[in-house]
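# Residue-level structure breakdown
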Amino acid sequence: MNTTHLETSIKPSVAVIGGGIIGVTSAINLLKRGFDVTLIEKEAIAAGASTGNCGLMAVGEIVPISKPGVLSQVPGWLTDPTGPISVRPLHAITMTSWFMQFLKAGRPENVQHIAKGLTQLSAAAAQAYQPLLKSAGIEDLLQPYEVLYLFDEQKEIAEGQYDWDLRLKYGFNSEFLDHKALHDLEPEISQDIACAMLMKGWDYFADPARLTKDLARHFVEQGGRIRIDKVAQFDKQPNHVTDLTLESGEVLSADYYVIAAGAWTPLLSNKLGDYIPLEAMAGYNTTIAKPNVQIKHPLLHHHGGFVITPMEMGIRVGGTLELGGLNSKPNFKRAQAIVEKAQKILPNLQNEDAKEWVGYRPMMPDTLPVIDRSPRFKNVIYACGHGQLGITYGAISGELVADMITSEASMQMDMSFYRADRF
């Protein structure tokens, strides 16, 4: 068995595990700081949620999923398998501890704390992407069209008043569009849609898979390395990891290890004896190559739980939240259900030349990610649990990982929000 020492010179070395947007941006930022970096991905770059998400830079989505009143919604999650949020009953039994932590996060005082932590990341999210997009030559991917949040009736706005007030409190604004203003902006939208909120600053990426893959390409062009293999085990000393072994039998030795494996992170953290209470939350989408409609803005519907995004490859209808575990059989009726709802919003939308997809978002009980050193191993850093906001927080998370390893604090952030040992 051969041991590969990642450091090829006097440079300190880092092994980054995970080829999604968080792993790739972490690898790029570490390479820029002078590290010798190898990125390890078990399948392919952008194979998971970084491929099939709806591409939103949802900078103002600082309202956690668990909030006051959420308990009353739980029965519906268990009984409606095609609803915006669904929990598979058998899996609910195994996630009791996670769910209790989830409900605790929804207490009013905890929601305020969580919103502050998400606001820190959101405030820096867009700016952090600018140098990455420029250096990789992919600035065209970020589209300057903000999300439209749609309502069937104007009175529905008050149903989400808690969310609107929380966003406004932390500096995230929206602009009300009446029926005429909305339909002047997007004529394809059904006349049954009464009005909308234009979510200020919520731009989008026209192809999130290309975003991640092109950043990975740039990482390699700048001297980084990518291994397609699966981590089998870690070799450990009392307070640091010395090596990792890949399934191929290759042993890699590095000075630091970054675990950014998304929904698969617990499979690695368990090997280290670290408790990261992360659930795999399935999201479904249908990407329609021949939609027969043209829109510029991504669309969110108040009661829908899904997004309609115009992308380079067509229109993507995706979203919903399903808790069923990593090994559950996909329920593509969820994807079909949201397409049917989308056709009520866009009456001319045709579901032709379409491809269905399911992917798993890494969700912490409190919606906050983990960006922190391992509680047990000083040279291991976790960057995971970004839930539905992986693309939004991709660039800033990569910067914070690099800050942590270099002991810098370029962002001047309070990192206690993202502690690995907070549960």
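Since this is a predicted model, take the numbers as computed values, not measurements.

Core analysis: the largest hydrophobic core is formed by 76 residues, its most contacted members being Leu-30, Tyr-129, Leu-211, Leu-215 and Val-258. A total of 12 residues in this core trace back to one element, the largest contributor, which is helix H6 (residues 108–136). When neighbours within four sequence positions are excluded, Leu-30 is seen to be in contact with Val-14, Val-16, Phe-35, Val-37, Val-258, Val-401, Ala-402 and Ile-405. Core analysis: the second largest hydrophobic core is formed by 24 residues, Ala-15, Leu-244, Leu-246 and Cys-384 among them.

Overall, the coordinates contain 18 salt bridges when judged by the stated rule. Between Arg-225 and Asp-36 there is a salt bridge; the shortest N-O distance is 3.0 Å. Here Arg-225 is found in strand S10 (residues 225–228), whereas its partner Asp-36 is found in strand S3 (residues 36–41), with 189 residues between them in sequence. Using a relative accessible area of 24% as the deciding quantity, one classes Arg-225 as partly exposed. Since its relative accessible area comes to 6%, Asp-36 is described here as buried. The closest approach of N and O atoms between Asp-163 and Lys-67, which form a salt bridge, is 2.7 Å.

Of note, Ala-46 is a non-glycine position whose phi angle comes to about 60 degrees, a positive value. Take Ala-46: it is sitting in the loop between S3 and helix H2 (49–52). Here the phi dihedral of Asn-292 falls at roughly 70 degrees; this positive angle occurs in a residue that is not glycine. When you line up the elements, Asn-292 lands in the loop between strand S15 (279–290) and strand S16 (299–301).

Attention now moves to the sheet that holds S10. The 6 strands lie next to each other as S10-S3-S2-S14-S21-S20, forming an open sheet whose pairing is mixed. Only two strands of the sheet have a single partner each, and these edge strands are S10 and strand S20 (370–373). For this sheet, the mean inter-axis angle between neighbouring strands, taken without regard to orientation, is 15 degrees. As judged from the 5 bridges shared by strand S2 (residues 13–17) and S3, these two strands associate in the parallel manner. Considered in S3, the bridge of Ile-17 is made with Ile-40. Its contacts with the sheet put helix H9 (residues 208–221) on S3 and S10, and the angle it makes with S10 is roughly 120 degrees.

Reading the values: rules and limits
Residues numbered from 1 in each chain as written. Predicted model: local features only at pLDDT ≥ 70, side-chain atom pairs only at ≥ 80, totals over all residues. Heavy atoms only, no water. Core = buried A, V, L, I, M, F, W, Y, C linked by side-chain atoms within 4.5 Å. Buried < 20%, exposed > 50% of the residue type's maximum accessible area, 1.4 Å probe, protein only. Helix = DSSP H or I, 4+ residues; strand = E, 2+ residues; numbered from the N terminus. Contact = heavy atoms within 4.5 Å. Salt bridge = Lys/Arg side-chain N within 4 Å of Asp/Glu carboxyl O. Pairing = 2+ DSSP bridges. Axes fitted to C-alpha atoms, helices over the stretch in contact; angles between N-to-C directions.

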